[in-house]
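Listed below are the residues making up each chain.
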Amino acid sequence: MNENPIPDPADPTARLPHAQQPAGPYGPGAYLPPPGYQPPGPARPVGPVRPRLLWIFLSWALFLVLLVVGIVGFAGNLVSTINDSAPTTTFDSGKTVSVELDAKDKPAIYAAADQPTDVQCQVGNGQDPRIKLTQPAGSQVVTVDGTKWELLFKVGVPEAGTYEVTCEGAGVTFGVGRELAADTDKLVGGVIALVALPAIGFLIALVVTIVVLVRRSSARRNPAR
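Everything numeric in this text was worked out from a predicted model, so none of it was measured. (Residues numbered from 1 in each chain as written. Predicted model: local features only at pLDDT ≥ 70, side-chain atom pairs only at ≥ 80, totals over all residues. Heavy atoms only, no water.)

## Comments concerning the overall build of the protein chain
The secondary structure content of the protein chain amounts to 2 helices and 9 strands. Ordered by position from the N terminus, the helices and strands of the protein chain form the series α-β-β-β-β-β-β-β-β-β-α. Counting the 225 residues in the protein chain, one finds 23% classified as buried. Considering only residue pairs separated by 6 or more positions, the protein chain has 84% of its internal contacts joining residues 24 or more positions apart. (Helix = DSSP H or I, 4+ residues; strand = E, 2+ residues; numbered from the N terminus. Buried < 20%, exposed > 50% of the residue type's maximum accessible area, 1.4 Å probe, protein only. Contact = heavy atoms within 4.5 Å.)

Following this line, the structure appears as structure tokens:
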């Protein structure tokens, strides 16, 4: 009598023995990846986003430096202009001094007084019509070491040389210097320094800021491969 009958193939409850289940290449019940599947590579290390924000800080620091340089340059030229225009030769009322005058230096006569008073000045012996004293169109005051010098006359001389200057005025101290307009080159240079240097620094900082922010945004969207 056969103790292990062969199951009827038509029997719906028949099962093959477990050992007879078909095995794939990776073993029984293993997962097979779809065709063309590529396993992910190793994770790439995430580095800092380039370019760094440090460039923005440096560019604005440069702007501040150029701004300070422009202000200092303008102030220095202004002070130098005032000092060069201030009287280098001073004298009291009724005195006569000999000074070197040259038309290209735009010589001028200044006065320092505590109160309004009438003054008179003469250059040379008063007989040479080529020597002219002209009052300025507007008030010009130069302050040096706390003394306010008001421009009295512009001096026109025919040629460079030594001239005698005499002035009279009660309680007035007189001085011979130069017009402020004689140093317009310094003033113009100071204005250029005040405007141009900060403007250049601002443009550099603005361009660097835009470029850095745009490139950092692009680097976040498209990390290096």
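Here the narrative resumes.
## Details of the nonpolar core
Within the largest apolar cluster, 19 residues are counted, with the highest numbers of intra-cluster contacts made by F91, L101, I109, V123, V165, C167 and F174. Those elements that provide at least two residues to this core are β2 (96-101), β3 (107-113), β4 (120-123), β7 (147-156), β8 (161-168) and β9 (172-178). Setting aside anything within four residues of it in sequence, one finds F91 in contact with V97, V165, C167, T173, F174, G175 and V176. In terms of nonpolar packing, the next biggest core, distinct from the first, is built from 8 residues, A86, Y110, V142 and W149 among them. (Core = buried A, V, L, I, M, F, W, Y, C linked by side-chain atoms within 4.5 Å.)

## Let's talk about the sheet that holds β8
Reading across from one edge, β2-β8-β4 is the order of the 3 strands in this open sheet, with antiparallel pairing throughout. Strands at the two margins of the open sheet, each flanked by one partner only, are β2 and β4. Taken pair by pair, the neighbouring strands of this sheet meet at an average axis angle of 30°, ignoring direction. Here β2 runs beside β8; their pairing, made up of 6 bridges, is antiparallel. If you follow V99 over to β8, its bridge partner there is Y163. (Pairing = 2+ DSSP bridges. Axes fitted to C-alpha atoms, helices over the stretch in contact; angles between N-to-C directions.)

## Let's talk about unusual backbone geometry
Most peptide bonds adopt trans geometry, and most residues besides glycine take a negative phi value. Phi is positive for K106, which is not a glycine, with a value near 50°. Among the secondary structure elements, K106 is positioned in the loop between β2 and β3. Its identity as a non-glycine residue notwithstanding, D145 has a phi of 55°, on the positive side. Structurally, the position occupied by D145 is in the loop between β6 (141-144) and β7. We classify D145 as exposed; its relative accessible area is 79%.

## A look at the state of the cysteines
Scanning the model with the defined rule gives 1 disulfide in all. Between C121 and C167 runs a disulfide, and the two sulfur atoms are separated by 2.1 Å. Classification of the bridge connecting C121 and C167 rests on its S-S torsion, roughly 115°, and on that basis the disulfide is right-handed. With C121 in strand β4 and C167 in strand β8, this pair connects stretches of sequence that are 46 residues apart. Here C121 falls in the buried class, since its relative accessible area comes to 16%. Accessibility expressed as a relative area gives 1% for C167, which makes it buried. (Disulfide = S-S within 2.5 Å.)

## Quick word on the pattern of salt bridges
All chains considered together, the criterion is met by 2 salt bridges. We note a salt bridge from D128 to R130, for which the minimum N-O separation is 3.2 Å. For D128, a relative accessible area of 24% translates into the label partly exposed. Overall, the relative accessible area of 51% leaves R130 in the exposed class. Of the charged contacts in the structure, one is a salt bridge between E179 and K154, with a shortest N-O distance of 3.9 Å. A residue pair is termed long-range when its members are at least 10 positions apart, and E179 in the loop between β9 and α2 (184-221) and K154 in strand β7 qualify at 25 residues. Of the residues examined, E179 reaches a relative accessible area of 11% and is grouped as buried. (Salt bridge = Lys/Arg side-chain N within 4 Å of Asp/Glu carboxyl O.)

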